2 protein chains.
Amino acid sequence: MQQAVQFPDDFRLHPSLKASTFPVVHLDLCKVLLQNDERFSWLVLVPCVSDIKEIYQLSSDQQHLLVDEISRVSQALQVYTKADKINIAAFGNMTPQLHIHIVARFETDPFWPNPVIGIGCKIPYTEIERDAVIRDLQEVLLRA
Amino acid sequence: MQQAVQFPDDFRLHPSLKASTFPVVHLDLCKVLLQNDERFSWLVLVPCVSDIKEIYQLSSDQQHLLVDEISRVSQALQVYTKADKINIAAFGNMTPQLHIHIVARFETDPFWPNPVIGIGCKIPYTEIERDAVIRDLQEVLLRA
């Protein structure tokens, strides 16, 4: 069983993100979360800044840190999964807290080349699968 | 009729992006293009760097410039359209040249809250509509 990751007390993850993800690691700006959908290697980055819905609402320094972390996580995810393409999106039409989806995509996946963020029915991880994936991702992301 | 925007000679826009967009302005890193789909206020940013498919393939300085330009364009688009949400995505599953979609979304649009990037059938602009929109966007983006 993974140990709970500790995040700062002064930031509250939106309930819908909390309900649909598991914590993986905490970078300088963002929480990195695993989307609870075993169909894809799918991470969600949430900058720990309150009351932000759009990237342009972050300070310039925070924006630079955000793209640093998007790059770090997406490259690590590509290396880990050998994905053909990394898909990145910030929608937030339903969840009013800035969050960035990072999904490993394969030419052989059943939805290719269509987008999958916000599409279709998620398949939750079993507890054993989830713990193994989180352990692998922690190792990959922390050495990236 | 809009004057053609001049881009550097050493970078070639992918043919599928060229066929589906119109040039608006050229920022320090990115071409800003108008998606030829009158259903949405939809811009596409293309960093003028050859042979790049992923954000992490840009240099750190280019990544910072990219997020600066994403912020500048998305904030200007929000102010211009009064959008409820700006949707941002870098997919590129079909077009192997890094490009970032920036779409103004409204709670009243027929697809809300679903994503629209890569979904549904585009409705091309008429020439008159296109020229008016490009003129407005050039004014908004160049003073942002």
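Note: the structure precedes this text.
To start, this report covers the structure provided alongside it.

About the criteria used
- Residues numbered from 1 in each chain as written.
- Chains lettered and ligands numbered in written order.
- Predicted model: local features only at pLDDT ≥ 70, side-chain atom pairs only at ≥ 80, totals over all residues.
- Heavy atoms only, no water.
- Pairing = 2+ DSSP bridges.
- Helix = DSSP H or I, 4+ residues; strand = E, 2+ residues; numbered from the N terminus.
- Axes fitted to C-alpha atoms, helices over the stretch in contact; angles between N-to-C directions.
- Contact = heavy atoms within 4.5 Å.
- Expected span 1.5 Å × (residues − 1).
- Buried < 20%, exposed > 50% of the residue type's maximum accessible area, 1.4 Å probe, protein only.
- Buried area = accessible area lost by both parts, 1.4 Å probe.
- Salt bridge = Lys/Arg side-chain N within 4 Å of Asp/Glu carboxyl O.
- Polar contact = N/O pair within 3.5 Å; in protein donor to acceptor, adjacent residues only side chain to side chain.
- Nonpolar A, V, L, I, M, F, W, Y, C, P; charged D, E, K, R; others polar.

### A word on the sheet that holds strand β1 (residues 21-26) of chain A
Item 1. Across the sheet, 10 strands lie side by side as β1(A)-β2(A)-β3(A)-β5(A)-β4(A)-β4(B)-β5(B)-β3(B)-β2(B)-β1(B); this open sheet has antiparallel pairing. Strands with a single pairing partner mark the edges of an open sheet, and in this sheet they are β1 of chain A together with β1 (21-26) of chain B. On average, adjacent strands in this sheet sit at an angle of 25° to one another, irrespective of strand direction.
Item 2. Pairing between strand β3 (residues 41-47) of chain A and strand β5 (residues 100-105) of chain A: 5 bridges, direction antiparallel. Across the sheet, Leu45 of chain A pairs through a bridge with Ile100 of chain A, a residue of β5 of chain A.
Item 3. Each of β1, β2 (30-35) and β3 of chain A touches helix α3 (residues 127-142) of chain A; the most contacted strand, β1 of chain A, lies at about 25° to it.
Item 4. Against the sheet, helix α3 (residues 127-143) of chain B makes contact with β1, β2 (30-35) and β3 (42-47) of chain B, and its axis sits at roughly 25° relative to β1 of chain B, the strand it touches most.

### Some thoughts on α3 of chain B
Three- or four-residue spacings in an α-helix give side chains the same orientation, since the helix completes a turn every 3.6 residues.
All names here are of chain B.
Item 1. Helix length check: α3, at 17 residues, gives a terminal C-alpha distance of 25 Å against a target of 24 Å (1.5 Å per residue), a fit within 8%.
Item 2. Along α3, the residues classified as buried are Arg130, Asp131, Val133, Ile134, Leu137, Gln138, Val140 and Leu141.
Item 3. If you follow the buried residues of α3, they end up packed against β1, β2, β3 and α2 (60-81).

### Section: the interface of chain A and chain B
Often the size quoted for an interface is simply the accessible area lost on bringing the parts together.
Item 1. At the interface, 32 residues of chain A touch 32 residues of chain B.
Item 2. Broken down residue by residue, the surface that chain A buries against chain B is led by Tyr56, Phe91 and Asn93 of chain A, which jointly contribute 24%.
Item 3. On the surface where chain A and chain B come into contact, there are 2 salt bridges.
Item 4. The shortest N-O distance in the salt bridge between Glu54 of chain A and Lys85 of chain B comes to 3.0 Å.
Item 5. Taken together, the links from chain A to chain B amount to 20 residue pairs in polar contact (both at pLDDT 80 or more).
Item 6. At the level of elements, α2 (60-81) and β4 (85-90) of chain A are the ones that each hand at least two residues to the side of chain A that touches chain B.
Item 7. With 9 residues, α2 of chain A is the largest single contributor of residues to the side of chain A that touches chain B.
Item 8. Here the residues of the side of chain A that touches chain B are counted per class, giving 14 nonpolar, 12 polar and 6 charged.
Item 9. Strand direction decides the pairing type here: β4 of chain A and strand β4 (residues 85-90) of chain B, joined by 3 bridges, are antiparallel. Each residue of the ladder has a partner; that of Ala89 of chain A, found in β4 of chain B, is Ala89 of chain B.

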